[in-house]
Amino acid sequence: KKLNIYYSDLTRKLKIPTKKYDNVLFFNVLEHLPEYKFAFSEIYRIIKKKGSFIGSVPFIYQIHGAPKDYFRFTKHFFELNLKKYKFRQIKVKALGFGPFTASYSLLYPYLKYLPLLSQICLLLAYILDSFIQVFVKTDLKEIFPVGYFFIAKK
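This report concerns the structure included in the present document.

## Digging into the overall build of the chain
Part 1 of the argument: In terms of regular secondary structure, the chain is built from five helices and four strands.
Part 2 of the argument: Traced from its N-terminal end to its C-terminal end, the chain shows the element sequence β-α-β-α-β-α-α-α-β.
Part 3 of the argument: Along the first, second and third principal axes, the C-alpha set of the chain runs to 50 × 35 × 35 Å.
Part 4 of the argument: Going through the 154 residues of the chain one by one, you find that 36% of them count as buried.
Part 5 of the argument: Entry remark: accessible area of the chain is about 10,100 Å², with carbon and sulfur atoms responsible for 63%.
Part 6 of the argument: Between the centroid of the 26 positive side chains of the chain and the centroid of its 10 negative side chains there is a distance of 10 Å.

Structure, rendered in structure tokens:
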């Protein structure tokens, strides 16, 4: 089956017919849009009934341009705003393990040049987060997410 992939400026009305696509994938884009509300509205418009809006965003991550970086979104943001734009069956999952893994993700752009040290630091971060989790009732990735994955139905 042939895939239809469409690229567009998400700050403007999309030149796509209403209810055109079964699914829209939106990975690491939302934080780069100065007006996310317009994008939610347009995505809802172009998805067919029972279609899915699937994506992810960074949270604890360095500012990065493409060309600009405007926002960091939370789990509660997605639950509230996807519902506001009439999406349903909203699921949002925090990504990560805890504070040490989140710190590792911030250091990775520098550690990647030292592969062995990078892997040792990641293992140590995971072990320390696992140790802390034994003593903390709240899931640490809910407090220190490196990002969020979301899926919602029309």
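After that view, the rundown keeps rolling.
## As for the environment of Thr18
Part 1 of the argument: Secondary-structure assignment places Thr18 in the segment before β1 (21-27).
Part 2 of the argument: With a relative accessible area of 47%, Thr18 lands in the partly exposed category.
Part 3 of the argument: Of the polar contacts made by the side chain of Thr18, one reaches the side chain of Arg45; its length is 3.1 Å.

## Re unusual backbone geometry
Part 1 of the argument: Phi is positive for Lys86, close to 75°, though the residue is something other than glycine.
Part 2 of the argument: Of note, Lys86 is situated in the loop between α2 (75-84) and β3 (88-95).
Part 3 of the argument: At Gln89, a residue that is not glycine, the phi angle is positive and equals roughly 50°.
Part 4 of the argument: The topology assignment puts Gln89 in strand β3.

## Some remarks on the packing of aromatic side chains
Part 1 of the argument: One pass over the structure, following the stated rule, counts 21 aromatic pairs.
Part 2 of the argument: Taking the centre distance of 5.4 Å and the plane angle of 90° together, the rings of Tyr36 and Phe71 count as edge-to-face. Within this pair, whereas Tyr36 is found in helix α1 (residues 36-46), its partner Phe71 is found in the loop between β2 (47-58) and α2, the two being separated by 35 residues in sequence.
Part 3 of the argument: The exposure class assigned to Phe71 is partly exposed, which follows from its relative accessible area of 27%.

## Here we look at the sheet that holds strand β4 (residues 147-153)
Part 1 of the argument: An order of β1-β2-β4-β3 is seen for the four strands of this open sheet, with the pairing classed as mixed. The sheet is open, and its two borders are formed by β1 and β3, each paired with just one other strand. Geometrically, the sheet is characterised by an average inter-axis angle of 10° between neighbouring strands, direction not taken into account.
Part 2 of the argument: Here β2 pairs with β4 via seven bridges, running antiparallel. Of the residues in β4, the one forming a bridge with Gly55 is Phe150.
Part 3 of the argument: Those strands touched by α1 are β1 and β2, and its axis lies near 145° from that of β2.
Part 4 of the argument: The sheet strands contacting α2 are β2, β3 and β4, and the helix crosses β3 at an angle near 165°.

Reading the values: the criteria
Residues numbered from 1 in each chain as written. Predicted model: local features only at pLDDT ≥ 70, side-chain atom pairs only at ≥ 80, totals over all residues. Heavy atoms only, no water. Helix = DSSP H or I, 4+ residues; strand = E, 2+ residues; numbered from the N terminus. Buried < 20%, exposed > 50% of the residue type's maximum accessible area, 1.4 Å probe, protein only. Areas by Shrake-Rupley, 256 points an atom, 1.4 Å probe, with all protein chains shown as cover. Lys, Arg positive; Asp, Glu negative; His and termini not counted. Charge placed at Lys NZ, Arg CZ, Asp CG, Glu CD. Polar contact = N/O pair within 3.5 Å; in protein donor to acceptor, adjacent residues only side chain to side chain. Phe/Tyr/Trp six-rings, centres within 6.5 Å; stacked < 30°, edge-to-face > 60°. Pairing = 2+ DSSP bridges. Axes fitted to C-alpha atoms, helices over the stretch in contact; angles between N-to-C directions. Contact = heavy atoms within 4.5 Å.

Function cannot be read off these values alone, since they describe shape.
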